[in-house]
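Listed here are the chains, written in short residue letters.
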Amino acid sequence: MRASKAVQSPRSKVQSPNRKIPEIHISGAEGLYEKSDIERILERYIKRAFKHPKGTADKVVITIEDIKQMPRMIRSLPVSTVKCRTPAEGKVIIAKILQSIGIPNRSIEIAFEIIKEGNMRGAAIITAEKGDRLEPDRERGVRVSRLGINKSALKVLSLRLSKYGIDKDVVKEAVILASKVLSCKNILAEVCVSDDPYYTTGYVASKKFGYLRIPHIKHEGSKIGGRAFFVKEVTHVDEIKDYLEKKAVMIDKVAPCKGTVSINEILGNNYI
Ligand code: AMP
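My aim in this report is to walk through the structure given alongside it, one point at a time. What you are looking at is a predicted structure, and each value in this text was computed from that prediction instead of being measured.

About the criteria used
- Residues numbered from 1 in each chain as written.
- Predicted model: local features only at pLDDT ≥ 70, side-chain atom pairs only at ≥ 80, totals over all residues.
- Heavy atoms only, no water.
- Helix = DSSP H or I, 4+ residues; strand = E, 2+ residues; numbered from the N terminus.
- Contact = heavy atoms within 4.5 Å.
- Near = heavy atom within 4 Å.
- Polar contact = N/O pair within 3.5 Å; in protein donor to acceptor, adjacent residues only side chain to side chain.
- Areas by Shrake-Rupley, 256 points an atom, 1.4 Å probe, with all protein chains shown as cover.
- Nonpolar A, V, L, I, M, F, W, Y, C, P; charged D, E, K, R; others polar.
- Phe/Tyr/Trp six-rings, centres within 6.5 Å; stacked < 30°, edge-to-face > 60°.
- Lys NZ or Arg CZ within 6 Å of the ring centre and 35° of its normal.
- Buried < 20%, exposed > 50% of the residue type's maximum accessible area, 1.4 Å probe, protein only.
- Pairing = 2+ DSSP bridges.
- Axes fitted to C-alpha atoms, helices over the stretch in contact; angles between N-to-C directions.
- Expected span 1.5 Å × (residues − 1).
- Arc of directions from axis to C-beta.
- Parallel < 35°, antiparallel > 145°, perpendicular 65-115°, else oblique.
- Left-handed = near helix turned anticlockwise from the far one by under 90°.

Moving on, we come to the side chain of Glu135. Here Glu135 lies in the loop between strand 6 (124–127) and strand 7 (147–149). The residues contacting Glu135, other than those within four sequence positions of it, are Met120, Ala123, Ala124, Ile125, Gly141, Val142 and Val237.

Turning next to the site of the ligand. The environment of the ligand is made up of 15 residues, and the closest members are Met120, Gly122, Val144, Ser194 and Asp195. Residue Glu30 places a side-chain N or O atom 3.0 Å away from a nitrogen atom belonging to the ligand. Taking Arg143, its side chain carries an N or O atom lying 3.2 Å from a nitrogen atom of the ligand. Computed on the free molecule, the ligand has an accessible area of 480 Å², of which 87% lies beneath the protein chains in the complex. When contributions to the shell around the ligand are tallied by element, the ones reaching two or more residues are strand 8 (187–193) and strand 11 (226–231). When grouped by side-chain class, the residues that make up the shell around the ligand number 7 nonpolar, 3 polar and 5 charged.

Think of a pair of aromatic rings as described by two things: how far the centres are apart, and how the planes are tilted against each other in angle. All chains considered together, the criterion is met by 1 aromatic pair. The ring of Tyr243 has Lys180 sitting right over it, with the charged end atom 5.6 Å from the ring centre.

Positive phi outside glycine occurs at Asn119, with the angle close to 55 degrees. Secondary-structure assignment places Asn119 in the loop between helix 3 (105–117) and strand 6. You can call Asn119 partly exposed: its relative accessible area is 42%. Even without being glycine, His216 reaches a positive phi, approximately 60 degrees. Residue placement: His216 occurs in the loop between strand 10 (210–214) and strand 11.

This next bit is on the sheet that holds strand 3 (residues 59–61). Strand pairing in a sheet relies on backbone hydrogen bonds. The paired strands run either parallel or antiparallel. Read from one edge of the open sheet, 3 strands run 2-1-3, paired in antiparallel fashion. Edge positions in the open sheet fall to strand 2 (23–28) and strand 3, since each of these has one partner strand only. Across this sheet, the average inter-strand angle for adjacent strands is 25 degrees, counted without regard to direction. Where strand 1 (residues 2–6) and strand 2 come together, 5 bridges link them in antiparallel fashion. Paired with Arg2 across the bridge in strand 2 is Gly28.

Right, let's get into the pairing of strand 8. Strand 8 sits mainly inside the fold: 6 of its 7 residues count as buried. With 6 bridges connecting them, strand 8 and strand 11 associate as antiparallel partners. Bridging from a neighbouring strand, Val193 pairs with Gly226 of strand 11. As paired elements, strand 8 and strand 9 (residues 202–206) share 4 bridges and run antiparallel to each other. Across the sheet, the residue bridging to Glu190 is Ala205, located in strand 9.

With that settled, the discussion passes to helix 1 (residues 38–50). For helix 1, spanning 13 residues, the distance from its first C-alpha to its last is 18 Å, which sits close to the expected 18 Å at 1.5 Å a residue. For helix 1, the complete set of buried residues consists of Ile41, Tyr45 and Ala49. Looking straight down helix 1, one finds that the buried residues subtend no more than 75 degrees of arc, so they occupy a single side. Relative to its buried face, helix 1 has exposed residues pointing more than 90 degrees away, namely Glu39, Glu43 and Lys47. Contact partners of the buried residues in helix 1: strand 1, strand 2 and strand 3.

Below, the discussion takes up the packing of helix 2 (residues 87–100) against helix 3. Where helix 2 meets helix 3, the axes come as close as 10 Å, and the angle between the chain directions of the two elements is 135 degrees. Classed by the angle they form, the pair helix 2 and helix 3 counts as oblique. Pair helix 2 / helix 3 crosses with right-handed handedness. Residues Lys91, Ile94, Ala95, Leu98 and Gln99 of helix 2 touch helix 3, and the partners they reach there are Asn105, Ile108 and Phe112.

Right, here's the structure in full:
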């Protein structure tokens, strides 16, 4: 599902039919589901498009596709929450995590800048070492699709998250997405800040530390958000894009989840 809203300047009321009307991205959602679940899921997606805190969509595009390929089965990333009180502290925590897996500050700053700009539908792809942007369409970014979790794994994930009071769709959807992203062999890490003005918990995900939630990554009311994936330097972007957009990936096993931990505990040895 893709929901957007046209933004018209006062002078642009009469427009040629060929002119592209500027729009803001309101919301998007995707998943792999059984045919019998489609109606229920569609209802959820439509509600999201029309009741999103970013505004009401005036265009909603829904695509339903029969996926014939057998999905790759993966384990979800372990989930924890890092102690964090302010956006400034959150940025430092994310930078420390990324630096500890070898990503230089210059590339980390590029990701923060992209997220600050906002209004992408997808994610930016940044080479870890040099900070080069690889995604072919910089306005759109790369949209991760064809991802899901089977019913028994979803039950286990819900149960584990509920122990820490975070069994919410927004958390589960992001964990599923980050688990697919990090299952791509050339991706080292992901940073995400939601563009929902009332959801202020971001995350940094990596193969080494799993999915780390960062509360207060932005101030309440801010519509700014985005995603960035850090990739190995010698990478063919088409291969990554193809994996993220086209390869069907399902979670069938769930990693353990932890409660709130400090950045020092995480950076200490044997965290996971
Ligand atoms: P959200 O976490 O849904 O608030 O999304 C935050 C930002 O992440 C959006 O503004 C997009 O730039 C990006 N994003 C959302 N969904 C996807 C996706 N499926 N694939 C890649 N990027 C996404």
